[in-house]
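# Architecture at a glance
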Amino acid sequence: MRVLRYRRGAIIKLGIVTLIALIIVPIFFLKLDGSKDSKSKKDKLAKDSNPIHKVAKSPDAAEEAPKNVVDNPVESNKAQEEVVQVEVAHQFGPPQRLTPGQLGNFEPRDYPSRNGPGENGQAVYTTMEERTRADSSTREFGFNMVNSDKIAMDRTIPDTRLDECKYWQYPEDLPTASVILVFHNEGWSTLMRTVHSVINMSPPHLLKEVVMVDDYSSKDHLKGRLEEYIKQFNGKVKLYRNPERLGLIGTRTRGAELSTGDVIVFLDAHCECNRNWLPPLLARIRYDRTIMAVPIVDGVDWDNFRYHPVYGEAHHRGIFEWGFLYKESAVPKKELSRRQHNSEPYRSPTHAGGLFAMDRKYFFEMGAYDEGLKIWGGENFELSFKLWQCGGSIEWVPCSRVGHVYRNHMPYGFGKLDVKIPVISLNYMRVVEVWLDDEHKEFFYTREPSVRGYPVGDLTKQLKFKKDHNCKSFKWFMEEVAFEVYDRFPKLPPNKAWGEVKEKSGMRCLDTMGQQVGGGAMGISGCHHFGGNQMFRINTKGQMGVGERCIEAPNGSTLHMHFCETQPTGPWQLDLTTGVIRHEHHEKCLEAGSGNKVTLEPCDPSNEKQKWVVNEVRQWK
């Protein structure tokens, strides 16, 4: 009986255990599957959080850590990538907060005060004994390197920020930055002062690296001396060299490819960073990875290296005129009213091109720079229009200030180029043909008629990108973003005639004679058929122009270069039948005089010296 009761009890206990197991085990596996499913959903969400994923066909995704000094030949055959496009809404990160009276979390608590040449951004002057060497260095580098060499690599500069900037609290988890410096035959002290400034003025944990890319320099001081000098930075500064001249645009893309930080920050190789310059830029990209963040640029004088603000109290932003010369204008109230505080970032249609920050992955998702752009020029517009029209934006950041040395002149050429028009004109044409609508293209070719028809190369890749990304029209961009351009540079009427203005009975052409606004009288000289100072436009509303300037006769006699009025109208009337060019206000006609003189004289239909022929000139044909 005792054994039977024991067996019965054991059977009951076993049954209870089995019942519990039957209940618990399915629940356990259900949760396990749920966990896997949740992880799968999270992975999918994380994958979908980027607008475009690039899935390389090559299985080898490992990347060798860059060395301190590396020769990097430009690959002619890059691995093809299969691109999977995913459209998602913007994902916004934490915003920055203004805390009046409480210093910001990245604000430097102490800034040195020193005495010495150029300290606190003061000017440095050349002695009489130094003048010959100083002039020689200016011709060689575009800067007075004699004065620059007197200044410490880590000199102090004045704080040019708005006082409000000191009290911003930025997110602690900002992305890391790779600062990219492209250079070609740069002066020693201006280049290395830039490197020291970036390192000294950036939070160490945010500055991943300084990427220096040498665009085939020939100066001795940029060889072994440079390689030895940067060793003091313990690998923070990395040097790469192009085996041939690529130009600024191609080398910048190369620098972005070599970078490893979350954000790429492009600076020119002659800059000085101001206090707390980096976190405000990174904060905007942390908030929205599709923002290009642009610092406010201060000036550094090319001769005496005085550091000074360029702007007054008013905020400015980047725009353009129809020949695509970069311009700036006061920020419209419509844009400023979007902000709560005076030191907050504001949107800008474009930027000067030299200094800006972008999410590195987004830079390449947007196609980087157009590979067909050569050397320098127009890349700022190409990237600006592409960003705005295809879902990104550009912001100028008042609390980020960087000084920039503006050269006295461009001291070097562009290398071997197989182009028959100015390379910058070719670059503009590529931008125009891809990103402008037909109406706005005409404004460019009205302003620059001699380049119309020049072959710009293959645009298939750029046009496909625009189509695949459902990019907005240039009309939308002008109406919603760059709306003040029309106020300063209205739509252009067509040209009535353009080219060289040649005397009908001779071989001389109207010539600016190298005069600038406020200078002496224009004249007439032998026709050279190369355009330039002999290339004029007369539009259907009476404006006579050359480049971005207009021709006026303020004294009623001689012709002078003037700034154009806002409205593209003027007093000049060209009779294509008789060849007479009449000034309506003075009621006189243009007459070719003796020597190099050209003046306005009383109109005389029988005077052959008052008859002109306007011949179109395309120097590339």
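Calculation criteria
Residues numbered from 1 in each chain as written. Predicted model: local features only at pLDDT ≥ 70, side-chain atom pairs only at ≥ 80, totals over all residues. Heavy atoms only, no water. UniProt positions renumbered as here; feature names shortened; annotations may be inferred. Pairing = 2+ DSSP bridges. Helix = DSSP H or I, 4+ residues; strand = E, 2+ residues; numbered from the N terminus. Axes fitted to C-alpha atoms, helices over the stretch in contact; angles between N-to-C directions. Core = buried A, V, L, I, M, F, W, Y, C linked by side-chain atoms within 4.5 Å. Buried < 20%, exposed > 50% of the residue type's maximum accessible area, 1.4 Å probe, protein only. Contact = heavy atoms within 4.5 Å. Phe/Tyr/Trp six-rings, centres within 6.5 Å; stacked < 30°, edge-to-face > 60°.

- Looking at an unreviewed UniProt entry, the protein chain carries the name Polypeptide N-acetylgalactosaminyltransferase, with the source organism given as Mizuhopecten yessoensis.
- Heading Cofactor (unreviewed entry) of the UniProt record for the protein chain holds this comment: "Mn(2+)".

## Regarding the sheet that holds strand β27 (residues 588-592)
- The four strands are arranged β25-β26-β27-β28 in an open sheet whose pairing can be described as antiparallel. The outermost strands of the open sheet, each flanked by one partner alone, are β25 (572-574) and β28 (598-602). Put simply, the sheet's adjacent strands are angled 40° from each other on average, direction ignored.
- The sheet contact formed by β27 and β28 spans five bridges and is antiparallel.

## Remarks on the nonpolar core
- Of all hydrophobic cores here, the largest spans 63 residues; its most connected members are F320, F324, M358, F363, F385, W435 and F477.
- Of all the elements, helix α11 (residues 423-435) adds the most residues to this core, at seven residues.
- Not counting residues within four places of it along the chain, the set of residues in contact with F477 comprises F320, P349, F385, W388, Q389 and A482.
- Of all hydrophobic cores here, the second largest spans 46 residues; its members include L207, V210, M212 and L282.

## Describing the packing of aromatic side chains
- A full pass over the atoms with the stated rule returns 27 aromatic pairs.
- Plain terms: the ring middles of F324 and F444 are 5.8 Å apart, the flat faces sit at 55° to each other, and that makes the pair tilted. Here the residue F324 occupies a position in the loop between β13 (316-320) and β14 (326-330), and F444 occupies one in helix α12 (residues 438-447), the gap between them amounting to 120 residues.
- Residue F324 is classed as buried on the basis of its relative accessible area of 1%.
- Accessibility expressed as a relative area gives 1% for F444, which makes it buried.

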